[in-house]
Amino acid sequence: TLEAARVGGYTFAVKLVRGAYVEQEQLLGTVHPSKEATDAAYDAAVTQLLEAVAFGRSSSASVPAAAVLLATHNRVSLERSVAEMDRLGIARDDSLVHFGQILGM
């Protein structure tokens, strides 16, 4: 978790993937009940992670708080992520934030 990384003095590195394993996850019961719920959950996770990146950049910590790879096939999710970076003052070429395009479903 972000808290465990902070306490342990290491960077929380995560690849956040939207919708890649829906068939497998349906069997586990971990799929959101609607597209809107999926959108909201992904966007909330993106915000939390990008806020950690921004906080890490503004603090005196010896290691970054978070490093993220945001992967999606959804253009709107990508646009929201970039807008969130802008809101938080994270440069589009920040070395702690990367994007991956996954194949459409």
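Higher on the page you've got the structure.
Presented here is an overview of the structure given in this document. Computed from a prediction, not measured in an experiment: that's the story for all the values here.

1. Here we look at the pattern of salt bridges
Moving on, step 1. Counted by the stated rule, this structure contains 8 salt bridges.
Moving on, step 2. We note a salt bridge from K35 to D39, for which the minimum N-O separation is 2.9 Å. Of this pair, K35 and D39 both sit in helix 3 (residues 35-58), separated by 4 residues, roughly a single helical turn.
Moving on, step 3. Connected through salt bridges with shared partners, the residues R18, K35 and D39 form a single ionic network.

2. Things to note about the pairing of strand 2 (residues 66-72)
On any regular strand, side chains alternate: one points to one face of the sheet, the next to the other face.
Moving on, step 1. Most of strand 2 is tucked away: 6 of the 7 residues are buried.
Moving on, step 2. Sheet analysis places strand 1 (residues 12-17) next to strand 2, joined by 6 bridges and oriented parallel. Along strand 2, the bridge assignment pairs K15 with L69.
Moving on, step 3. Read as a crossover between parallel neighbours, the route from strand 2 over helix 4 (residues 75-88) to strand 3 (residues 97-101) is right-handed.

Criteria and cut-off values
- Residues numbered from 1 in each chain as written.
- Predicted model: local features only at pLDDT ≥ 70, side-chain atom pairs only at ≥ 80, totals over all residues.
- Heavy atoms only, no water.
- Salt bridge = Lys/Arg side-chain N within 4 Å of Asp/Glu carboxyl O.
- Helix = DSSP H or I, 4+ residues; strand = E, 2+ residues; numbered from the N terminus.
- Buried < 20%, exposed > 50% of the residue type's maximum accessible area, 1.4 Å probe, protein only.
- Pairing = 2+ DSSP bridges.
- Right-handed = clockwise from strand over helix to strand, strands pointing away.

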